[in-house]
Amino acid sequence: MRKFALAAGGMAVALALTACGGDGDDTNGLSVGGGGGTFGDLQQLVASVEDKAEQVQSVKFDAEMTMLGMQFTMTGQTRIDPDDIAMSMTMSMAGGEQEMRIVDETIYMKVPELGEPGKSWVKRDLSEEFAELENDGTAATLLENSDPRKALEQFQEAGGTITSSEATTLDGRPVTRYTLEIDAVEMAKASGEIPAEMMPMMESLGTIPALVYLDSDALPVRMEVEMDMSAMLEEAAEVSGEEIPAELRDNPDMLTMSISQDYYDWGEPVTIEAPPADQVSSKPLEDF
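Within each chain, residue numbers correspond to sequence positions counted from 1 in written order. In keeping with the model being predicted, local features are shown solely for residues with a pLDDT of at least 70 and side-chain atom pairs are shown and tallied solely at 80 or more, while totals for entire chains, interfaces and linings include all residues. Side-chain metrics rest on all non-hydrogen atoms present in the structure, leaving aside hydrogens and water.

Caption draft 1: Quick look at the overall build of the chain. Scanning the chain for helices and strands turns up 9 helices and 11 strands. Burial status across the chain gives 49% buried among its 288 residues. The contacts in the chain between residues at least 6 apart in sequence include a share of 64% that link residues at least 24 apart. Counting every atom, the chain has about 13700 Å² of accessible surface; 46% of that belongs to carbon and sulfur. We count a stretch as a helix when DSSP gives it H or I for four or more residues in a row; a strand needs E for two or more, and each element gets its number in order from the N terminus. Each residue gets one of three labels from its accessible area relative to the maximum for its type: buried under 20%, exposed over 50%, partly exposed in between, using a 1.4 Å probe on protein chains only. The contact criterion used is simple: two residues touch if any of their non-hydrogen atoms lie within 4.5 Å. Per-residue and other accessible areas were derived by the Shrake-Rupley procedure at a 1.4 Å probe size, with only the shown protein chains allowed to occlude residues.

Caption draft 2: Geometry of the pairing of strand β9 (residues 207-214). DSSP-based pairing: two strands are paired if at least 2 bridges between them are found. The sheet contact formed by strand β8 (residues 173-183) and β9 spans 8 bridges and is antiparallel. Each bridged residue has a counterpart across the sheet, and for Arg 177 the counterpart in β9 is Tyr 213. For β9 and strand β10 (residues 220-228), the ladder comprises 5 bridges, and the chain directions are antiparallel. Along β10, the bridge assignment pairs Leu 211 with Glu 224.

Caption draft 3: Geometry of the packing of helix α2 (residues 42-56) against helix α5 (residues 148-157). For the pair α2 and α5, interaxial distance at closest approach is 11 Å and the crossing angle is 170°. Between α2 and α5, the crossing angle belongs to the class labelled roughly antiparallel. The two elements α2 and α5 meet at a crossing, and its hand is left-handed. Only Arg 149, Glu 153 and Gln 156 of α5 make contact with α2, whose side of the interface consists of Leu 42, Gln 43, Val 46, Val 49, Glu 50, Ala 53 and Glu 54. A class-by-class count of the residues in the contact of α2 with α5 yields 4 nonpolar, 2 polar and 4 charged. Fitting a line to C-alpha atoms yields each axis, with helices limited to the stretch in contact; the angle taken between N-to-C directions then spans 0 to 180 degrees. An angle below 35 degrees is treated as roughly parallel, one above 145 as roughly antiparallel, one from 65 to 115 as roughly perpendicular, and anything else as oblique. What makes a crossing left-handed is the near helix being turned counterclockwise from the far one by less than a right angle; a clockwise turn instead makes it right-handed. Classification convention: Asp, Glu, Lys, Arg as charged; Ala, Val, Leu, Ile, Met, Phe, Trp, Tyr, Cys, Pro as nonpolar; all other residues, Gly among them, as polar.

Caption draft 4: Expanded view of the sheet that holds strand β11 (residues 256-264). With respect to topology, 11 strands assemble into an open sheet ordered β6-β5-β4-β3-β2-β1-β11-β10-β9-β8-β7, the strand pairing being antiparallel. Strands with a single pairing partner mark the edges of an open sheet, and in this sheet they are β6 (121-125) and β7 (161-170). Taken over all neighbouring pairs, the strand axes of this sheet differ in orientation by 15° on average, direction set aside. Contacting β1 (58-67), β7, β8, β9 and β10, α2 crosses the sheet at an angle of about 45° to β7.

Caption draft 5: The pairing of strand β4 (residues 96-103), seen in detail. Note that strand β3 (residues 86-93) and β4 share 7 bridges and pair antiparallel. Its bridge partner lying in β4, Met 93 is registered against Gly 96. Linkage of β3 to β4, two consecutive antiparallel strands, is achieved through a turn of 2 residues, within which Ala 94 is found at a positive phi near 50°. When β4 meets strand β5 (residues 106-110), the two strands line up antiparallel, connected through 5 bridges. Bridge pairing in β5 places Arg 101 opposite Tyr 108. Here β4 folds back onto β5, and the loop between the two strands holds 2 residues, one of which, Asp 104, carries a positive phi near 55°.

Caption draft 6: Main features of the confidence of the model for the chain. The predictor attaches a confidence to each residue, and that confidence, scored 0 to 100, is pLDDT. In this model, the chain carries a mean pLDDT of 77, and residues with pLDDT of at least 70 account for 78%. Long-range and interchain partners of residues 1-11, a stretch whose pLDDT sits below 50, account for 28 contacts in this model, where long-range means more than four residues apart. With pLDDT under 50 throughout, residues 21-36 is counted as low confidence; its partners more than four residues away or in other chains account for 78 contacts.

Shown next as C-alpha cells:
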C-alpha cells in the first residue's frame, strides 16, 4: 500500500504542477482568444496573449483541483510587471490553510509551527533567483503557477493542438472556448521532473483534453484540464507490486483528476505587501 501511494501520489502531484504551469522552459505562451476572431494556430495565440498580458500586467486568480479523492483550492493575485513582480496566494487542502507572498524579491510563508512565538511568518531571500528568473527555482515555479501564460506555454511545449473553437458565454460574458489535445508524455518531458520509471504511467494517460476560454479582450479567463487516471493507477500498481486500494478501485469518481483555474480583474490594481516586520520570524526559511 505504501509503495503504491508513493508511486501514484508522486505522479499525481507532478501532473498537477505541470498542468498548472510549473517548471517549464521559458517559451512563448499559448492562450486563446475572442474579440478579434478565433485562432487556429498556437503561435498566433502565443503572440496575442503575450501582447495583451504585457499591457495589463496584473491578474487575480482562483483555482480548484481534485485528485484521488482530495480537494485543493487556491486564490490569489499576481503582478507580472517585469520591473515589479509580486504574488500573493492562499492555499487550502486537507483541512489546512497556508498563505504565501512574494514581494521585494523575498518569499514569505505563514507557517506558525516554523516561526517563533507571536511571529507566524517566515521568509527567504530570493534575490539571486530573481536575477535569473529563466532558471528553475522557487521564485520561478511559484510565479509560473500564478501566471496563466505559463500554463499555456506548457500546453504548447507538449505539442498541444486546437481541435475546435466555439463562441459561447461564461458567467454571462461572451468568450471563445477552445478545445485542446495535449500529449501526456510530451507534457511530462516539458516539466523535466518525471523519473524514467514513472514514464509508463504517463504514457498510459495518452492524450489529455483541455479547455481554454478567452474573453473579448483576448485574455484567458478560465482553463480546465481533466484526466482519467484509471490506467495510470493500473501502471502504478504494477510498478509498486501492490493492488489498487479498494476505496479507489470501487469509486470511479476518485479516478479523475480535474483542475479548473479562473482569471479575472485583468489590469486592475493589486496590493501585495510584506507582512508586518514584527510578525516575521528571525528564523530563515532556508529549506523551502
